[in-house]
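The primary structure of each chain is shown beneath.
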Amino acid sequence: MEILRRLARAAVVGGTLAMLVACGSDAGSGLSTPGETPGAAGSVAAPDDAAGSLTEPKGEECERLTTDEVAGVIGAHDGGQHDYQLGGCVWTATSGGEAIHASVLSKDEYEAVAEIGEPVSGSADGAVYDDIHGELWFPCGNGDFCGVKANIGESDRRKEVALRMGTILQGRM
């Protein structure tokens, strides 16, 4: 009986360690390998590439959209946190699992993480929208790219929200 208890504890510890290692990787996140240009399968970047800089907050990133603008889309939310997935800020609804991301990235960062979509009208100039991921990207000056990702279940509403938030973000850049 004691052997079974020790084996069970070892399994729990091993499972916990495996989970911690997996959480530290981008496996299953849907993101490209850091430094990989979308569509360039298999390319690997140096460790100090642009995607690595996405882990550091960059100033007043959560002031790009107002609390009321975000609440009008997803309801009550967390007030905005640094977005380690896309850089910028992510506002997460306190219920329902919806979220809005807003980012301003350099060209290198943009190429490392953005899901490139199809040209779309009804929002920012030169915008492209990826319907699968709900991502809207557009050039926003100084060689930077602005992005809005709408994590909203309903695809028509997701696109409408991304376009609306993109128009607001472009007006502030």
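See the structure printed just above.
Residues numbered from 1 in each chain as written. Predicted model: local features only at pLDDT ≥ 70, side-chain atom pairs only at ≥ 80, totals over all residues. Heavy atoms only, no water.

I'd like a description of the sheet that holds strand β5 (residues 128-130), backed by residues and values.
Across the sheet, which stays open at both edges, the seven strands sit in the order β1-β2-β3-β7-β6-β5-β4 with antiparallel pairing between neighbours. Only two strands of the sheet have a single neighbouring strand rather than two, namely β1 (81-82) and β4 (118-119). Where β1 lies against strand β2 (residues 89-92), two bridges are found, and the strand directions are antiparallel. Residue pairing in the sheet places His82 in a bridge with Cys89 of β2. In the packing of helix α4 (residues 155-172) onto the sheet, the strands contacted are β3 (99-105), β5, β6 (135-139) and β7 (145-151), and the crossing angle to β7 comes to about 150°. (Pairing = 2+ DSSP bridges. Helix = DSSP H or I, 4+ residues; strand = E, 2+ residues; numbered from the N terminus. Contact = heavy atoms within 4.5 Å. Axes fitted to C-alpha atoms, helices over the stretch in contact; angles between N-to-C directions.)

Describe unusual backbone geometry, and please don't skip the residues or the numbers.
A positive phi angle, close to 55°, is found at Asn142, a residue other than glycine. Inspection of the secondary structure assignment puts Asn142 in the loop between β6 and β7. Looking at Asn142, the relative accessible area reads 82%, which means it is exposed. (Buried < 20%, exposed > 50% of the residue type's maximum accessible area, 1.4 Å probe, protein only.)

Let's hear about the packing of aromatic side chains: which residues, and what values?
In total, this model carries two aromatic pairs according to the counting rule given. Ring geometry for Tyr110 against Trp137: centres 5.4 Å apart, planes inclined by 65°, an arrangement best described as edge-to-face. Pair noted here: Tyr110 is in helix α3 (residues 107-113) and Trp137 is in strand β6, with a separation of 27 residues, a long-range link. Residues Tyr110 and Trp137 agree in their burial class; the two are buried. Considering the side-chain rings of Tyr110 and Phe145, the 4.0 Å spacing of their centres and the 5° angle between planes classify their relative orientation as stacked. Here Phe145 lies in strand β7 and Tyr110 lies in helix α3, a separation of 35 residues in the sequence. Here Tyr110 matches Phe145 in class, with each residue buried. Put simply, the rings of Tyr110, Trp137 and Phe145 pair up and form one aromatic cluster. (Phe/Tyr/Trp six-rings, centres within 6.5 Å; stacked < 30°, edge-to-face > 60°.)

Account for the pattern of salt bridges, naming residues and giving values.
Considering all chains together, one arrives at five salt bridges under this definition. In this structure, Arg172 engages Glu69 in a salt bridge whose closest nitrogen and oxygen atoms are separated by 2.5 Å. One end of the pair, Arg172, is in helix α4; the other, Glu69, is in helix α2 (residues 67-74), with 103 residues separating them in the sequence. As a salt-bridge pair, Glu135 and Lys149 come within 3.9 Å of each other at their nearest N and O atoms. With Glu135 in strand β6 and Lys149 in strand β7, this pair connects stretches of sequence that are 14 residues apart. Comparing Glu135 with Lys149, the two get one shared label, buried. (Salt bridge = Lys/Arg side-chain N within 4 Å of Asp/Glu carboxyl O.)

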